[in-house]
Amino acid sequence: MHVTLRTLVRQSPAQVMAGFTRALFLSLAPPFPKLKLLRFDGCRRGDQVEIELQTGPLRQRWTSLITDDGVLPDGTHYFIDEGQTLPKPLRYWRHRHLIEPSPTGTGSVIVDALEYRTAFRWLDLLMYPAMWAQFAYRKPIYRRTFR
């Protein structure tokens, strides 16, 4: 299942990429499920991010590896995280973070392009609204952070 959200911000792609820090990661965490950050290496190839999700008494680990990063010829900065250890019911996770130059020439567009899978197509579909909401939650935070 694919989810893609776009957010226009005022800073350049290079400035936005530099702003993807531990502090930003923590500010992007939605109120539910509760998130505890265990490790944040950064957003470059080989870096890892490890969190613990807390839903009532249930605690699940999520470890992602940054598998690629760079700058494309058009000036788009990017990094990709892929799930290594995933909370149930997820079986696959790939999140492409693209920071594209704005079409107007000022600022940039942050693109959250994610792909996820569970064991069942019907469950993928059922989870779609929650996945969309988790990433829509980021839009005002991105705008505030990258004014």
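Residues numbered from 1 in each chain as written. Predicted model: local features only at pLDDT ≥ 70, side-chain atom pairs only at ≥ 80, totals over all residues. Heavy atoms only, no water.

Engineer: Please clarify how the nonpolar core should be interpreted in this entry.
Structural biologist: Note that soluble globular proteins tend to have their nonpolar side chains buried in a common cluster. The biggest cluster of nonpolar side chains holds 33 residues, and the ones touching the most others in it are Phe20, Leu90, Trp93 and Tyr116. For this core, the element with the highest residue contribution is helix α3 (residues 121-136), accounting for five residues. Tyr78, Val109, Val111 and Ala113 belong to the second largest nonpolar core, which has six residues in total. (Core = buried A, V, L, I, M, F, W, Y, C linked by side-chain atoms within 4.5 Å. Buried < 20%, exposed > 50% of the residue type's maximum accessible area, 1.4 Å probe, protein only. Helix = DSSP H or I, 4+ residues; strand = E, 2+ residues; numbered from the N terminus.)

Engineer: Can you walk me through the side chain of His95 in this structure?
Structural biologist: Position of His95 relative to the elements: it lies in strand β6 (residues 92-101). Polar contacts involving the side chain of His95 include one to the side chain of His97, which spans 3.2 Å. Engagement of the side chain of His95 in a polar contact is seen with the side chain of Asp112, the distance being 2.8 Å. (Polar contact = N/O pair within 3.5 Å; in protein donor to acceptor, adjacent residues only side chain to side chain.)

Engineer: Would you take a moment to explain the pattern of salt bridges for this structure?
Structural biologist: Oppositely charged side chains are able to pair whenever their charged atoms sit close together. A full pass over the atoms with the stated rule returns eight salt bridges. One salt bridge connects Arg61 with Glu50, and the closest N-O pair in it is separated by 2.5 Å. You can see Arg61 sitting in strand β4 (residues 58-71) and its partner Glu50 sitting in strand β3 (residues 48-55), a full 11 residues away along the chain. For Arg61, a relative accessible area of 42% gives the class partly exposed. (Salt bridge = Lys/Arg side-chain N within 4 Å of Asp/Glu carboxyl O.)

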